[in-house]
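Architecture at a glance
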Amino acid sequence: MLTHLWISRRLRLSTDGSAAGTVIAVSGVALALAVMELTLGIVVGFKEEIKRKLMGFDAQISIEAPFDPYTRTQSATITQTEELTEIIDEAAPEAESRLVLRLPGILKTDTDFEGIVFIGQSPESDFSFERGNIVEGAWPDYSSDSCRNDIVISRATANALGLRLGDKVYSTYIIDETVKMRRNTIAAIFQADFGEYDRTVAYASLAALQSIAGLAGNEGSRLDIRGLPHDAIGTSASAIETAMMSAMSTGKTDVYYPVQTIEQTGAIYFNWLALLDTNVAVIFCLMLCVASFTLVSSLFILVLDNVPAIGILRSIGASRSMVRAVFVDLGMRIVLRGIIIGNALGLGLLLVQKYTRAIPLDPEAYYLNCVPVEIRPWGFIALNLGVAVVSWLVLWIPARTASSVDPAKTINFE
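These remarks concern the structure in this document. Small disclaimer: the values here were computed from a predicted structure and weren't measured.

1. Some remarks on the pairing of strand 10 (residues 178-190)
With 3 bridges joining them, strand 7 (residues 134-137) and strand 10 adopt antiparallel strand pairing. Bridging across to strand 10, E136 finds its partner in I189. Pairing analysis gives 5 bridges linking strand 8 (residues 150-154) to strand 10, with the strands arranged parallel. Considered in strand 10, the bridge of I151 is made with I186. With 8 bridges connecting them, strand 9 (residues 168-175) and strand 10 associate as antiparallel partners. Bridge pairing in strand 10 places T172 opposite M181. Taken together, strand 9 and the strand that follows it, strand 10, pair antiparallel across an intervening segment of 2 residues, in which D176 is found at a positive phi of about 50 degrees.

Here it is as structure tokens:
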């Protein structure tokens, strides 16, 4: 065993003079670590939940209607051809592509109306997100003709129009200056608590919307790419865009299909989420300052309480570096206690919130109905190591004071 470790383990942390300081230092480290863990878990959880909802309503990557670079005009619709599907499958084989038609319309009752964007999607798509938001009824089987006139509206829309599950309602569309009307059935009601999306989105049969818009079965407003890991979105989008450019240059396609990622279509949300990182950095800095201040104060008290011991060590040949190491080790014992208590407090509160959802939120303000929590082990391990390293560096400040004590003046110190 190293000599300085052997000596530091035999020095008491809680003498009559230093007991209060030690308790304050342990509490400071524990509180700082707990607050940082709560901040990390809640902010990461909030960002992930908002991204999940955003990518549920929108797409990770969207292939827009074709753009003709020669006439500089863009078509209003996209056709899902075999060539286009092949290009996407080769560039992003792990992704799911779905044909989507977004058609603006109006839901009208006898007394009121609401502007709505009706979304029709390929019936064979994975609708796990949409089904997860259903609070009444069941997601229609849009591959069946019996569900052709079924629509799914939000709780916000249902409340605004006084509609209930199973009610009949008229939807109105303006297509090429022609008014078209359909009688629909409310098959399900969803609630995602996601602001404007809840107020403006309704789901309908893709075939029904294509018939209203006068489109063929393979035509829509865009192709949506989903099912990618979040860190692969940019890479896959670049691969698809490169493949589109190559196909146009080789004559496989005669038009260019613009490619957009969720970071572009949902830029306002991603910019908002990016601001949270600044808040996290500020909180981390403040908490580290709190922990550092309490540690330095406590170790100064320990140095004063152990002045005679320092004098004895120096008089029997202990070097200044050894004395510094002894008190740094002594301080790290305080840090270790604080880290253990801080982890128990911080992770405990996060786990309670994760499994009980005890703390609610106003969904109108936060887009969530409770405080979200995301626990990522490597992030918390890195946080603990960061607190330990910063604490170790800070402890050298009072430790230098201990090593500068003159042994000739300290043996009789009281």
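2. A short note on unusual backbone geometry
Of note in the backbone geometry, D176 takes a positive phi value of approximately 50 degrees without being a glycine. Structurally, the position occupied by D176 is in the loop between strand 9 and strand 10. Residue E177 is not a glycine yet carries a positive backbone phi of 65 degrees. Position of E177 among the secondary structure elements: in the loop between strand 9 and strand 10. Classification of E177 as exposed rests on a relative accessible area of 80%.

Here is what the cut-offs are and how they apply
Residues numbered from 1 in each chain as written. Predicted model: local features only at pLDDT ≥ 70, side-chain atom pairs only at ≥ 80, totals over all residues. Heavy atoms only, no water. Pairing = 2+ DSSP bridges. Helix = DSSP H or I, 4+ residues; strand = E, 2+ residues; numbered from the N terminus. Buried < 20%, exposed > 50% of the residue type's maximum accessible area, 1.4 Å probe, protein only.

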